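Report on the structure
Chain residues, written in single-letter form:
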Amino acid sequence: MSEQSPGEVRIPAGAELLALTGVTAAVGGRAIFSDVTLRVRAGEFVAVLGPNGVGKSTLLKAVLGLLPISGGRVEVFDAPPGRHNSRIGYLPQRRAFDPATRIRGIDIVRMGWDGDRWGVALPGLLTGRAGRAARDRVREVIALVGAERYAHRPIGQCSGGEQQRLLIAQALIRRPELLVLDEPLDSLDVTNQASVSALIQSVCRSHGVAVLLVAHDVNPILPYLDQVIYLAHGGAVMGPPEQVITADTLSMLYGTTIDVLRDRTGRLVVVGQPDSHAEHEPRR
Amino acid sequence: MTGFSWNLIEDVALLLSYHFMLNALRAGTIVAVLAGAIGYFMVLRRQSFAGHTLAVIGFPGAAGATWLGLSASAGYFGFCIAGALVIAALPRAGRRSSGLGGYGDESAVIGTVQAVALACGFLFVSQYRGFLSGLTSLLFGTITGVSDAQVLALLAAGAGCLLALLALGRPLLFSTIDPDVAEARGVPVRLVGAGFLVLLAVAAAGTSQVTGSLLVFALLVTPAATASRLTARPGLGLLLSILIAVAVTWLGEGIAFFSPYPIGFWVTTLAFAAFLLATGYRAATERLGRRAAASPAAAPAGSPAGGGSR
């Protein structure tokens, strides 16, 4: 590990990318969650779970430095949050693009490459090697997520699953070491949930990109997870899924009786969660 | 007045022999390029309402300036830019209201401001006696009114505005389409939005001086909306929007010269015709695309553009 050539920042396997220690967050004076401790190591697949309104998205924003925390410590790549956001691929919580949006998927992917640089993109002839590298990388990530067929269509005309794949391509384009995904499966049908989950898993395993993913339903990603963190207003529990998603652990965390049932196909159902909209689609 | 012959070259030569026409064409070209470019982003950001309000705010500016004996140009630019800064400073205005792919409409506050602006403009015009034809030309434009000094002012404003738009370029597009990710990537989304509103104000003020306050949209919205129906590529869309704006301005001014009807009518009508054609083209290609996708023989349907990404 000490045999690094100068200038090369190589993260050794298992190094901590993300360390949250006793973090408390408040939005508009209202405490969202408190005393959350979380670690994400290189190449790990971690899910953030919990009922609505417990601050799962807030946690991700704190990691990105978009939201100040009111207590505790957040370290991202051994630095305060927001310092190394170019090493993070972020997919915010969202609904679909407006059908009238007249921008192609490939343009959306390209924004991830240099959309934050001032000025305009010059035509290919003038940019030489840098331009070619950008175009090659765009093609590469589009192929990686399997979006070649519809990348040239206006994004508004792509289906929810297609849009999600293109946005994952955008998040991946700068070869991030950490993907931060906010409910990427939420607006998808069951088939697309499975295939997008598998895509995220393959990115995580074969490219060594750590994933921190907020999910409303753990089942599509359950087989792939290394760690889960269950958030509650008063704290959080982190560990391997089989240890955390149990009746005892969750009952203790939420201070109420919670059952974890498993059906014949292995799907987990958490019953009794203090979710204010438990019977409905998550409200936003 | 002047007669139209079917010899187009002679007609153009005749048209260009008048200094006021030359100035009208110069001003029209500057304004069309500016409005076509800024308008493209305005349509993408769904900020047409803000754009319209800024144009209307220019009306009391120009009327007030004329009343006080100042140049109408100064009134247009001063009021429009001040209006843009106010809209940018409004809490949450200019922030997207929902979803992706553009901005929600600005709040009702802007509509309220628009009504007050129109009323003030009318008051100023009524205070300025002996300015009978002024009201219509301020609201609907005139072909004769552009002075040399105004052309120079427009040129300076237009060039500055386009340079600023080039500098904002990618971050503006990024924060328009995907504000959350842009913010996470360190784009100052709010600042870029405010900067764009100022550019929009300059474009609206400039365009008002040719088309009048109420017909600004002929150049600011219609060419951009037409272009976005023809292509989903940002670079090409921007270029088409500018070309359409310039074309309808030249044609409109030319026709207005030979006809008894006002310039605003012609420019607007031509722009609208282009928009209708583009909408028809879009509907036709979409229907064809759907039919091609439905038939199993045409496998790779739906990707008309092969390579060449920008």
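This text follows the structure it describes.
From a predicted model like this one, the values you see are computed outputs, not experimental measurements.

Right, let's talk about the overall build of chain A for a bit. Counting its secondary structure elements, chain A contains 7 helices and 11 strands. Its C-alpha atoms give chain A a radius of gyration of 20 Å, near enough to 19 Å, the size a compact globule of 284 residues would have. A principal-axis box enclosing the C-alpha atoms of chain A has dimensions of 65 × 45 × 40 Å. In chain A, which comprises 284 residues, the proportion classed as buried is 44%. Nonlocal contacts in chain A, meaning residues at least 24 apart in sequence, comprise 65% of its contacts between residues at least 6 apart.

Here we come to the interface of chain B and chain A. Every contact between the two is made by 30 residues of chain B and, on the other side, 35 residues of chain A. The leading source of residues in the side of chain B that touches chain A is helix α7 (residues 148–177) of chain B, at 8 residues. Of the residues that constitute the side of chain B that touches chain A, the class distribution is 14 nonpolar, 9 polar and 7 charged.

Residues and elements named next belong to chain A. Spatially, 6 strands are ordered β5-β6-β7-β3-β8-β9 in an open sheet, and the strand pairing comes out mixed. The sheet terminates laterally at β5 (88–91) and β9 (235–239), the two strands that pair on one side only. On average, each strand axis in the sheet is inclined to that of its neighbour by 15 degrees, with strand direction left out of account. As paired elements, strand β3 (residues 45–49) and strand β8 (residues 227–232) share 4 bridges and run parallel to each other. Paired with A47 across the bridge in β8 is V228. On the sheet, helix α4 (residues 160–172) packs against β5 and β6 (178–182) and is oriented at approximately 155 degrees with respect to β5.

It is worth spelling out the nonpolar core at this point. The nonpolar side chains of a soluble globular protein tend to be buried with one another. Within the largest apolar cluster, 180 residues are counted, with the highest numbers of intra-cluster contacts made by A:V211, B:C80 and B:L200. When residues of this core are assigned to their parent elements, the largest contribution, 17 residues, is made by helix α2 (residues 19–44) of chain B. With residues up to four places along the chain from it excluded, the contact list for B:C80 reads B:L54, B:I57, B:G58, B:G61, B:A201, B:V202, B:A204 and B:A205.

All names here are of chain A. Of the two faces of β5, the one holding I88 and Y90 and the one holding G89 and L91 are both buried throughout. Sheet topology places β5 next to β6; 4 bridges connect them, and they run parallel. Note that in β6 the partner of L91 across the bridge is L181.

What follows covers unusual backbone geometry. All names here are of chain A. You will see that R175, though not glycine, has its phi angle at about 50 degrees, which is positive. With respect to the element layout, R175 can be found in the loop between α4 and β6. What makes R175 exposed here is the crowd of 11 C-beta atoms within 10 Å. One non-glycine residue, E183, adopts positive backbone phi at about 50 degrees. Relative to the elements of secondary structure, E183 occurs in the loop between β6 and α5 (190–207).

Attention now goes to the packing of α7(B) against helix α9 (residues 189–211) of chain B. Residue and element names in this part refer to chain B. For the pair α7 and α9, the least separation of the axes is 9 Å and the interaxial angle reads 150 degrees. The angle between α7 and α9 falls in the class roughly antiparallel. When you trace α7 past α9, the crossing you get is left-handed. Facing Q150, L154, A157, G158, C161, A164, L165, L168, P171, L172 and S175 of α7, the residues of α9 in contact are V189, V192, G193, G195, F196, L199, V202, A203, G206 and Q209.

Here the focus is the sheet that holds strand β1 (residues 16–27) of chain A. Residues and elements named next belong to chain A. Across the sheet, which stays open at both edges, the 3 strands sit in the order β2-β1-β4 with antiparallel pairing between neighbours. Two strands close off the open sheet at either side, each with one partner strand: β2 (30–41) and β4 (71–76). Along the sheet, successive strands turn relative to each other by an average axial angle of 20 degrees, direction set aside. Looking at chain direction, β1 and β2 are connected through 8 bridges and run antiparallel. Its bridge partner being in β2, V23 is matched across the sheet by V36. Of the strands in this sheet, β1, β2 and β4 touch helix α1 (residues 56–64), which is tilted by about 120 degrees from β1.

About the thresholds
- Residues numbered from 1 in each chain as written.
- Chains lettered and ligands numbered in written order.
- Predicted model: local features only at pLDDT ≥ 70, side-chain atom pairs only at ≥ 80, totals over all residues.
- Helix = DSSP H or I, 4+ residues; strand = E, 2+ residues; numbered from the N terminus.
- Rg over C-alpha atoms; globule rule 2.2 N^0.38 Å.
- Buried ≥ 20, exposed ≤ 12 C-beta atoms within 10 Å, placed from the backbone.
- Contact = placed C-beta atoms within 7 Å.
- Nonpolar A, V, L, I, M, F, W, Y, C, P; charged D, E, K, R; others polar.
- Pairing = 2+ DSSP bridges.
- Axes fitted to C-alpha atoms, helices over the stretch in contact; angles between N-to-C directions.
- Core = buried A, V, L, I, M, F, W, Y, C linked by C-beta atoms within 7 Å.
- Parallel < 35°, antiparallel > 145°, perpendicular 65-115°, else oblique.
- Left-handed = near helix turned anticlockwise from the far one by under 90°.

Geometric descriptors of this kind do not, in isolation, establish any biological role.
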